[in-house]
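# Residue-level structural notes
The chain contents come next:
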Amino acid sequence: MGLGGKGDTMNNKSSKDNKHISIDPWGSSTIEDYNDLFTQFGISKFEHFLPNISHPHYLMRRGIIFGHRGYQSIIKAINSKSPFSVLSGFMPTGDPHIGHKMVFDEIVWHQKQGAKAYGLIADLEAHAARKLSWSEIDGHARNYVLALLASDFNLETGEIYRQSENRQVRDLAFELGIETNFSEMQSIYGFSGNTELSHIQSVLTQAADILYPQLDHPQPTVIPVGPDQDPHLRLTRDLASRLRLFSVTEAYASFEADPMELEYLETAFDKLSPTKTPLHCNDVADWIENENKPSEVLTTITNKLKEASKEEFYPRVRVINHRATSDLFKKLESRISENKQTYKQHLDVFDASHDEIDNIVREFEIEHGGYGFYPPLSLYHRFMSGLTGGKMSSSIPDSYISLFEDPESGYQKVKQSITGGRESAKLQRELGGEADKCPVYELYAYLLTQDDDSYAQRVYEECTNGTRLCGDCKEEAANLMREFLKDYQQKIKEVEPLLEKLNFNISNPEENS
Ligand code: TRP
Ligand code: SF4
């Protein structure tokens, strides 16, 4: 089943040429091609994981969740029932709409898989970056919380908070400010001399949000977001490792190798070690050169191997002293009983698994006042297209449907939506509709057919083979939308009493006026 890849908030305003895109979390233009995210930003494809998840969410099955960073740790945690968290945040600049519903569902899905779940109201960011007054923010914040609860968020095992009222987040944001500098803000976000400082504070607050689930017990944490938020993830992943006292990596000899190079080394070791011991670095270089087509990675890795030459080639886990005193490093050394070799600022451990050593080191770090953060992981979904074309945006009322919208008005908006249909019914029957470019089809795939893949598939096929015409198709979708809104708003009423269980105040603006 195909899905259109348009209507989101990627920004390419700072492109020097058409090929280079940059991502601006506060930008407003659209991205044409999600593939750029894989090639230019190192986001990985999600689809490979599907066979490893026992009941993938329909957003995963339909490719709407399309990318990730490091999600394998979450699969591992789910399958081994070890602790992990999920967190996402919402700027209360308007009422939540059907596009946000996807993110609520992602949080709740992970919660049902065993995650400790967090939903946060980014009120500081809304105030700083979008200039909303506090009373506007309060009203929207309340509706976000209600919508999250109506989407089945479980408050017993999860936590909802407001940035402004979370002292730990605000303190952590301050600490993170010590670890970054203005040049980094410039290069990641394009900030300049006249950027308001509150933008920087918002960035640090978001990084603190992302690390907050790990403050008490470090654990893998997944952040489901739109790809416009990726810069925050890149920054926070970096900050998380910068704050570690020690880092744990893998190596095969004295030199360092990046993950791509390590793959080559691992393959070479698996192939060569059964027939030759000890193995030397230059043997490995020769083998890699013979087995592979020349490439950039190949050259850097064989150069490293040749330089190491007669050194023995053998897998090891490397513990690097990042920012601890040498006394503390010595103490850690004595904690590791495995076969090891010690250097000034690092230590190589043999015949042990990476995870095993990583756990020892993390525990030691926490015992000695360190954070022990895991780099946060992310999950990216496609944005829903606006019903008026372009992106779904709170500033264009007809482009979106609020979760609090009068069901009749929801019905009307679907009826008025643009489609991927042809100029005439005759042409449509001949050529089929363009479901991949149709916001109405997206409504079916992202929301209205829920878990029923065969329904979504049928709409797609009938559309593209010309048996489905837009008028009827919209009528059907509009009816489903009206029903969806009615049911959802009923749920919202039911969860209202839960607001009292929150640990922060959330006023009802209607009662105040
Ligand atoms: N910046 C996000 C937005 O624009 C909101 C947000 C704040 C957030 N903190 C977060 C999202 C932490 C994910 C994780 O909507
Ligand atoms: Fe879109 Fe339906 Fe028309 Fe196909 S038939 S283009 S899915 S509105």
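Residues numbered from 1 in each chain as written. Chains lettered and ligands numbered in written order. Predicted model: local features only at pLDDT ≥ 70, side-chain atom pairs only at ≥ 80, totals over all residues. Heavy atoms only, no water.

### Some remarks on the pairing of strand β6 (residues 221-225)
The line we're drawing: Whether a residue is buried, partly exposed or exposed follows from its accessible area with a 1.4 Å probe, protein chains only, as a fraction of its type maximum: under 20%, in between, or over 50%, in that order. Every helix listed is a DSSP run of H or I at least four residues long, and every strand listed is a run of E at least two residues long, numbered separately from the N terminus. By this definition, two strands are paired if DSSP reports at least two bridges between them.
β6 sits mainly inside the fold: five of its five residues count as buried. Burial of the side chains of β6 extends over both faces: T221, I223 and V225 are buried on one face and V222 and P224 on the other. With two bridges connecting them, strand β3 (residues 85-90) and β6 associate as parallel partners. If you follow V86 over to β6, its bridge partner there is V222. Judged from the four bridges that link them, β6 and strand β11 (residues 377-381) form a sheet pairing that is parallel. Across the sheet, I223 pairs through a bridge with S378, a residue of β11.

### A look at the sheet that holds strand β5 (residues 158-162)
Across the sheet, which stays open at both edges, the seven strands sit in the order β1-β2-β11-β6-β3-β4-β5 with mixed pairing between neighbours. Each edge of the open sheet is held by one strand with a lone partner, namely β1 (44-45) and β5. Here five bridges tie strand β4 (residues 116-121) to β5, and the two strands are oriented parallel to one another. Its bridge partner lying in β5, I121 is registered against R162.

### Observations regarding the domain arrangement of the chain
Our working rule: Per the annotation, domain bounds derive from an automatic or database assignment of domains. Note on contacts: a residue pair qualifies if any of its non-hydrogen atoms lie within 4.5 Å across the two residues. Buried area is understood as the total, over both parts, of accessible area removed when two parts are fitted together, assessed with a 1.4 Å probe.
As far as domains go, the chain holds domain 1 (38-242 + 377-381), domain 2 (247-367) and domain 3 (397-512). One C-alpha centre belongs to domain 1, the other to domain 3; they are set 25 Å apart. Contact residues are listed per partner, giving 30 residues for domain 1 and 34 residues for domain 3. Around 2,800 Å² of area is buried between domain 1 and domain 3 when both sides are counted, 64% of it from carbon and sulfur atoms. Of all residues in domain 1, the largest losses of buried area upon contact with domain 3 belong to R62, I98 and R142, amounting jointly to 25% of the total for that side.

### Structural notes on the environment of L262
Among the secondary structure elements, L262 is positioned in helix α11 (residues 259-272). The exposure class of L262 is buried, given its relative accessible area of 16%. Taking the C-alpha atoms as reference, L262 lies 8.9 Å from I301; in sequence the two are 39 residues apart. Beyond its immediate stretch of four places on either side in the chain, L262 contacts E250, A251, Y252 and A257.

### Here we look at the site of ligand 1
Keep this limit in mind: We call a residue near a molecule or strand when any one of its heavy atoms sits within 4 Å of it. Pairs of N or O atoms are called polar contacts if they sit within 3.5 Å, as long as, within protein, a hydrogen donor faces a hydrogen acceptor (for residues adjacent in sequence, only side-chain-to-side-chain pairs). In short, Shrake-Rupley with a 1.4 Å probe defines the accessible areas, and a residue's cover is counted only from the protein chains shown. When residues are grouped by polarity, Ala, Val, Leu, Ile, Met, Phe, Trp, Tyr, Cys and Pro land in nonpolar, Asp, Glu, Lys and Arg in charged, and all others, Gly among them, in polar.
Around ligand 1, the structure places 14 residues, and the nearest of them are M91, E125, Q206, D209 and Q229. Within the side chain of Q206, one N or O atom sits 2.8 Å away from a nitrogen atom of ligand 1. Protein coverage of the free-state accessible area of ligand 1, which is 360 Å², stands at 91%. Where the shell around ligand 1 is concerned, the elements lending two or more residues are β3, α9 (197-211) and β6. Split by residue class, the shell around ligand 1 holds seven nonpolar, five polar and two charged.

### Quick look at the site of ligand 2
By nearness alone, every residue bordering ligand 2 is listed as T419, G420, G421, Q428, C438, V440, Y441, C463, R468, L469, C470 and C473. Among the secondary structure elements, those contributing two or more residues to the shell around ligand 2 are α18 (439-448) and α20 (470-495). A breakdown of the residues in the shell around ligand 2 according to their chemical character gives seven nonpolar, four polar and one charged.

### Let's talk about helix α19 (residues 453-464)
To keep things clear, this is the line we draw: Expected span, for any helix, means 1.5 Å times one less than how many residues it has. Think of the arc as the fan of directions from the helix axis to the C-beta atoms.
With 12 residues, α19 extends 17 Å from end C-alpha to end C-alpha; this agrees with the ideal 16 Å at 1.5 Å per step. Regarding α19, the residues found buried are Y455, A456, V459, Y460 and C463. Viewed along the axis of α19, the buried residues span an arc of 135°, placing them on a single side of the element. Contacts from the buried residues of α19 go to α18 and α20. The first or second residue beyond α19 is G466, which carries a positive phi of 85°.

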